[in-house]
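Inside the fold
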Amino acid sequence: MCVGKRAAWGVEKLRYLPMTTPSENSQGPAYRYNAELANSLERTWQQRWVAEGTFNAPNPVGDLAPADPAELEKEKLFVQDMFPYPSGAGLHVGHPLGYIATDVFARFNRQLGKNVLHTLGYDAFGLPAEQYAIQTGTHPRATTMANIENMRRQLDALGLGHDRRRSVATTDPEFYKWTQWIFLQIFNSWFDTKQQKARPIDELFPLLESGEVETPGEVPFAQLDEVARRDVIDSFRLVYRSESMVNWCPGLGTVLANEEVTADGRSERGNFPVFRKKLSQWMMRITAYSDRLIDDLDTLDWPEKVKSMQRNWIGRSRGAEVHFDAAGHRITVFTTRPDTLFGASYLVLAPEHELVDALLAQAPDAYQEAPAKWTYGEDSPAAAVAAYRKAIAAKSDVERQENKKKTGVFLGVYATNPVNGEQLPVFIGDYVLAGYGTGAVMAVPAHDERDHEFALEFDLPLLEVVAGGEVAKEAFTGEGEMINSANDEGLDINGLNKAEAKKAVNQWLEQRGAGEEKIQYKLRDWLFARQRYWGEPFPVVYDEHGHAHALPESMLPVELPEVEDYKPVSFEPDDADSEPQPPLAKASDWVTVELDLGDGLKTYTRDTNVMPQWAGSSWYQLRYIDPNNTQAFCDIENERYWTGPRGENDPGGVDLYVGGVEHAVLHLLYSRFWHKVLFDLGFVSSSEPYRKLFNQGYIQAYAYTDARGVYVPAAEVEQREGKFFYQGEEVFQEYGKMGKSLKNSVSPDEICRDYGADTLRVYEMAMGPLDTSRPWATKDVIGAHRFLQRLWRLVVSENSGELVLSDSELTQEDLKQLHRTIAGVREDYTELRINTVVAKCIEYVNYLTKTYPNGAPREAVEPLVIMIAAVAPHIAEELWHRLGNSGSVAFAPFPDFDEQWLKDDEVEMPVQINGKVRSRIMVPADASQEQIIEIALANEAVAAHTEGKEVFKTIVVPGRMVNLVVK
Ligand code: ANZ
């Protein structure tokens, strides 16, 4: 992390020496704005900005507090990009699109007089560095640091106005110390469902003792022994260990989050098979926050699309749990349609459901009278279940749900429908997921498509209970009156609609203890451990009972130990029975430790997993606020200043967060969850991390494939007679997101070298609206360059390097052009419409160039230099100083406009006579109705049509048209 000097510009006057020395080999006039000139002035200004700490933003308290507290009286703005992973390939021109846009926005707001926090860090834990380490033995830290260095060089060349003192990498021990610390806060909390918030775990103990919070299990808390009490407490923590079903990928040697598994059940990376396996794992109880994560979306200024993706991901459904007695056991199903209970014709359990074995134990040893289809070709339910489970072990949840042909086996037992005593056969089937609801469903094939498919496959009855459909061929899922739904125990829902029926059934069930209303979520707890090396170690140790102990803050960070070999033990890709063995287990000196955790020296073992890659990004915005704080992850005073709520319904958070829509659910859900825990525990004042979110589009480019369909390097493709060739072979053009996989990357280094960074910035910003994807075309970059050349020539003579401005006064037309440009550009910047900012500046430059071939008035040019500075900061800074100003243009007040110049003096109005447009007239913008009629009647063409006729009605629609009715 680099610590520079506090911002001086804008406060103090600087001496300025014009820097331009024309290069000897440059072509054309000595002072032409070309690549060499651009490169040289860009380097100069970049160095100057860094040396002066131009973009350093002060904090209220701590090491970044200003010498002059008045600096904090400015309005604040916190702008943030989704930080990059420092990959070895470096950047292509698609990466900085968002970074340039946020830089433009930040610069504009500094000119409005705000204190702006903008920086960029690195999300630097992750697999590529580790994979590289496995292949070459290079420590991932070495690779990561080298990649960060290279990316920083590339980004610096773009002139991004970042506060470098605040740049962090998630791999810095001073950073991950606090990632571990936050983990411990979450570990040391439980979720109070009554208060709907996290509370310190210490507050749970008395509540369990007094019975105010119910102890799970039969025995009251007070009667449990020490070890059992610990287990109970542990089961309440927001981070807990659980035997849970995970995605185990033997080929990679690690478990994966659901999101890292493709729809066809393979690893997103490496494309290896993934198996479902039960393992003891760290889990984060994000599900406790389901309601708040959904409900608080309403307070956020985010794209609707992202909000609805989060809502769907959390997936709140309202329904009921219904209990069915079966062979001495109780099967609980979750249904969103308790109204259809009379239509249930069988039950299905997930093959992994915990009751399957117990039910099998009650089933007959051999199938009796079961149709052949139900038995999976086996003689006994036990054999059928075993064979079926084996067959489906490798299928992913998505595959299981999408599979049209339904499969399953009969368990040999029946369940009793609580509303009518019907005996329903019980199956297992893989379309029912173990991880959702209760892992069991009551099947209503007449009204549910999946059940319908299953019923047809297995010849099960279709019981129609909602009127209005024809259910023989297809389930009727529409609305209708209930039918065939009454019993003689006081339940009769015939004739009711869906909502009424649901309510009635729930009530009836609840009275008899046969079920209750239930809200169900799709969101699962967050699997929070990976069997890898290059990640944050867990700040916990285990005692001889296997109980986890949080390490005290004084023992943080727990640094990654050196290991010889970074490889997790991986296995044959389809060895489903293999067990994870993380690389840290190989560091035996590190794993076993002697510690005094308050009760004398004891031997403990460390956790050999590491945190998932999402950990650091779940809170990094808070570290930007207070990057060097050694006492806390972030001082709440600084947090309150930068992200505290403003006004009643404002959750607070970063003022603008820009990044790709691909992070809509994972990163943005995880960081909301962590932030809410920190909020509940009183560590931050904002209840959300990101107040406003903006998704930028992608830069796309042509890509080329050869006859085999393999991508070839787009840069080396030649075009001849409308065809494309690579190394003499014809190749085929397509179009897609720029990147490594399509081999169509263009490096910003090249464009900076050939045109300068300002040209690249102007080009990228001018390409189109920020939220849409846009095609890259290197040949069009020159257009942006020419615009900057014209801007340059407005101020500087290409031949002599002298100023070419005049001191003449602005004409009425000049004032109109200028004020309109200011008004338009101001609004466009505010709304992030940077493409139209550029368009308006181009138009204005063209106007001045045309109107003043021998030198435009200074008063017309100076505001232009300020206005374009956010987009093209280097050339603007240079011109600003050549114009004789001191201090950076970064703090030059953004020009204001005068309303009077925005009004048109005259407006054109069509004149209709008896409904037909006969002429157009020009009238003063502030003309009265009478004046307008007068001008209309005096118009020649109108006069010709009204001659000899009586005008008996006149209608003026102000600003729009005149209507005359004549006879
Ligand atoms: C009976 C029924 C009748 C259902 C009907 C639907 C329509 P959402 O809305 O996604 O929450 N279900 C419950 N648990 C399941 C599991 N573990 N795997 C697969 N399916 C499961 O869906 C809830 C509905 O999906 C539940 O309501 C249940 O089928 C099924 F006309 O129960 B329903």
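Keep in mind that this is a model prediction, so the values were computed, not measured.

So, how was this worked out
- Residues numbered from 1 in each chain as written.
- Predicted model: local features only at pLDDT ≥ 70, side-chain atom pairs only at ≥ 80, totals over all residues.
- Heavy atoms only, no water.
- Near = heavy atom within 4 Å.
- Polar contact = N/O pair within 3.5 Å; in protein donor to acceptor, adjacent residues only side chain to side chain.
- Areas by Shrake-Rupley, 256 points an atom, 1.4 Å probe, with all protein chains shown as cover.
- Helix = DSSP H or I, 4+ residues; strand = E, 2+ residues; numbered from the N terminus.
- Nonpolar A, V, L, I, M, F, W, Y, C, P; charged D, E, K, R; others polar.
- Salt bridge = Lys/Arg side-chain N within 4 Å of Asp/Glu carboxyl O.
- Buried < 20%, exposed > 50% of the residue type's maximum accessible area, 1.4 Å probe, protein only.
- Core = buried A, V, L, I, M, F, W, Y, C linked by side-chain atoms within 4.5 Å.
- Contact = heavy atoms within 4.5 Å.
- Arc of directions from axis to C-beta.
- Pairing = 2+ DSSP bridges.
- Axes fitted to C-alpha atoms, helices over the stretch in contact; angles between N-to-C directions.

Near the ligand lie 19 residues; those nearest to it are S317, T335, L433, Y436 and H447. Within the side chain of S317, an N or O atom sits 2.6 Å from an oxygen atom of the ligand. Across the complex, the protein chains shield 88% of the 640 Å² of accessible surface that the ligand would expose by itself. Of all the elements in the fold, those that place two or more residues in the shell around the ligand are strand 9 (329-335) and strand 13 (440-443). For the shell around the ligand, a count of residues per class yields eight nonpolar, seven polar and four charged.

Tallying each qualifying case throughout the model produces 52 salt bridges. Two residues, E798 and R32, come together in a salt bridge whose shortest N-O distance is 3.0 Å. Of this pair, E798 sits in the loop between helix 22 (781-795) and helix 23 (812-830) while R32 sits in the segment before helix 1 (35-52), and the two are 766 residues apart along the sequence. Judged by relative accessible area, which is 30%, R32 ranks as partly exposed. In this structure, the salt-bridge partner of R337 is D339, at a minimum N-O distance of 3.0 Å. The pair formed by R337 and D339 is uniform in burial state, with each residue classed as buried. Ionic contacts of the salt-bridge type, sharing partners, join the residues K76, R646, D650, D655 and R691 into one network.

A separate point is the nonpolar core. Of all hydrophobic cores here, the largest spans 183 residues; its most connected members are F183, W282, F528, W674 and W776. Looking at this core element by element, the count peaks at nine residues for helix 5 (residues 173-187). Each residue touching W674, except ones within four places of it in the same chain, is listed here: T179, I182, I186, M284, W526, F528, A615, S618 and W619. Membership of the second largest hydrophobic core comes to 57 residues, among which are V348, F427, V465 and A514.

So, about helix 20 (residues 748-755). Those residues of helix 20 that sit buried are P748, I751, C752 and Y755. Angularly, the buried residues of helix 20 cover 100° about the axis, an arc narrow enough to put them on a single face. One side-chain oxygen of the residue at the start of helix 20 lies 2.9 Å from the amide nitrogen of D749, identifying that residue as S747. Backbone geometry just downstream of helix 20 places G756 in the positive-phi region, at approximately 100°.

In spatial order, the strands read 17-16-19-18; together these four strands make up an open sheet with antiparallel pairing. This sheet does not close on itself; its edge strands, each paired only once, are strand 17 (548-550) and strand 18 (592-596). On average, adjacent strands in this sheet sit at an angle of 50° to one another, irrespective of strand direction. Inspection of the sheet shows strand 16 (residues 540-542) paired to strand 19 (residues 601-606) by two bridges, in the antiparallel sense. Each residue of the ladder has a partner; that of V541, found in strand 19, is R606.

All right, on to the environment of V825 then. Turning to its location among the elements, V825 is positioned in helix 23. With a relative accessible area of 0%, V825 lands in the buried category. Taking C-alpha positions, V825 is 9.3 Å from I868, a pair spaced 43 residues apart along the chain. Apart from residues lying up to four places away in sequence, V825 is in contact with V837, K840, C841, M867 and F894.

Taken together, the three bridges between strand 28 (residues 906-913) and strand 31 (residues 961-966) define a ladder with parallel strand orientation. Each bridged residue has a counterpart across the sheet, and for Q912 the counterpart in strand 31 is N963. In terms of strand pairing, strand 30 (residues 951-957) meets strand 31 through six bridges, oriented antiparallel. Counted as the bridge partner of T954 is L964 from strand 31. Linking two consecutive strands that pair antiparallel, namely strand 30 and strand 31, is a turn of three residues; a positive phi of about 75° is found at G959 within it.

Without other data, these values stay purely geometric and don't point to any function.
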